[in-house]
Amino acid sequence: MSVALTGGRVLNGRGFVEGLGVVIDGGRITAVLPEAEALGRADARYDLAGGRLVPGFVDTQVNGGGGVLFNDDVSVEAIAAIGQAHRRFGTTGFLPTLISEDLDAIDRAMRAVEQAIAAGVPGVLGVHVEGPFLSAERAGIHDKAKFRTLDDHAIRLLGSLKAGRTLVTLAPERTQSDCIGKLVASGVVVAAGHTDATYEETQAALAAGIAGFTHLFNAMSPLASRAPGAVGAALEDASSICGIIVDGRHIHPAVLRLALRCKPADRFMLVTDAMPSVGLTEKSFTLQGRTITVENGVCVGPDGTLAGSDLDMAQAVRNTVEMMGVELPDALRMASQTPAQFLGLDHELGRIAPGLRADLVLLDDAGEVVTTWIGGQLPA
């Protein structure tokens, strides 16, 4: 049954527009028209009650949520629980993220994602394999004992996902340009992260096919006067997309504002790097044998090392407006259109336009999520 969503403000290329109706049918947006015309094309109406209708948020880095950590439970049920927890905060597309593990665990995680997509689990778009091809000098909370070099066997495994997108985060200095090229040729999206690479090494990785950077500034060689590092290469490069965690703790807001002067807003995508605490009142969990607690909205290990976040995408959007001075339409695109482009899914997701999947979020004036649609379906 076709439905016309009317009575709100619709985000399009010009910003928020009143008087538009969005018709959805068969899981897709079939028309964006003046409200009267939209109602004439639909079997039913959904009243947006003056709210803002925006594209669904796409989060490329979701370690967990709703009390579930993907590393601990690589199952269809776990992926569904994580997606359900984040949907409450506007995330309609996500990559369950496995932090540095052995290859057999990576294999199990990839197979679980295939099964979740086949089962129609709402929102799952693929998998993010964050490590174990990382720098020990920039390990962060990752277990260094899991780290290894990228070889042909690992490349074949990482390119084996039969449904959805695979994102791999690696340290460029821990591999060779031809290995990066092989991953890209197999359809993998490759990002630099947890890296101590020099500026020159990062440039070479960009030339080899690196598409972006995982949590820019965090766990990577910094920008210095005579050593621009991975951060300098990321900010200088015009095409790569940088993930940023906008919680006020991972990166100082002033640093984020400076980054926006180097690259346009559409070269930054919001990520949560979320942990199981998102969606729960209980704010502690175990990660690879270490107790992680939430302190002032940030997940930290026993020694104070940052261990992901307690952030959700709706809060990330609000923070981007408040801390970075970004206009709301741009902040929303950083949460939807840009990550969809990064994954090569912008022909399917990230905008409100005819032909695209009906992944939508209704926000109130405070930026809180009222409801969501994934493939045209409201939450059960």
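Attention in this report is confined to the structure presented alongside it.

Calculation rules
Residues numbered from 1 in each chain as written. Predicted model: local features only at pLDDT ≥ 70, side-chain atom pairs only at ≥ 80, totals over all residues. Heavy atoms only, no water. Helix = DSSP H or I, 4+ residues; strand = E, 2+ residues; numbered from the N terminus. Contact = heavy atoms within 4.5 Å. Core = buried A, V, L, I, M, F, W, Y, C linked by side-chain atoms within 4.5 Å. Buried < 20%, exposed > 50% of the residue type's maximum accessible area, 1.4 Å probe, protein only. Pairing = 2+ DSSP bridges. Axes fitted to C-alpha atoms, helices over the stretch in contact; angles between N-to-C directions. Right-handed = clockwise from strand over helix to strand, strands pointing away.

A word on the side chain of Arg52. For Arg52, the location among the structural elements is in strand 7 (residues 52–55). For Arg52, the residues in contact, after removing those within four places along its chain, are Arg9, Phe16, Leu328, Val361, Leu362, Leu363, Asp364 and Asp365.

Ranked by size, the top nonpolar core spans 88 residues in total, and within it Ile79, Leu150, Leu170, Leu216, Ile244 and Leu270 carry the most contacts. Among the elements that make up this core, the one with the highest residue count is helix 3 (residues 103–118) (seven residues). When near neighbours in sequence (up to four residues on either side) are disregarded, Leu170 contacts Phe133, Leu134, Leu150, Thr175, Ile180, Leu183, Val190, Ala191, Ala192, Gly193 and Ile210. If you look at the next biggest cluster of nonpolar residues, it comprises 15 residues, including Leu5, Ile24, Leu53 and Trp373.

Hydrogen bonds along the backbone pair up the strands of a sheet, which may run parallel or antiparallel. Overall, mixed pairing links the five strands, which are arranged 3-2-7-22-23 in an open sheet. Two strands close off the open sheet at either side, each with one partner strand: strand 3 (15–18) and strand 23 (369–373). This sheet shows a mean twist of 30° between the axes of neighbouring strands, independent of strand direction. Sheet analysis places strand 2 (residues 9–12) next to strand 7, joined by two bridges and oriented parallel. The residue bridging Arg9 from the neighbouring strand is Arg52, located in strand 7.

Burial along strand 14 (residues 189–192) is two-sided: the face carrying Val189 and Ala191 and the face carrying Val190 and Ala192 are both buried. Of the pairings in the sheet, the one linking strand 13 (residues 165–170) to strand 14 comprises four bridges and is parallel in character. The residue of strand 14 that forms the bridge with Val168 is Val190. What joins strand 13 to strand 14 is helix 5 (residues 177–185), and the crossover it makes is right-handed. Looking at chain direction, strand 14 and strand 15 (residues 212–213) are connected through two bridges and run parallel. Residue Ala191 lies in a different strand from strand 15, and its bridge partner there is Gly212. Chirality of the crossover, the property in question, places the unit of strand 14, helix 6 (residues 199–208) and strand 15 among those that are right-handed.

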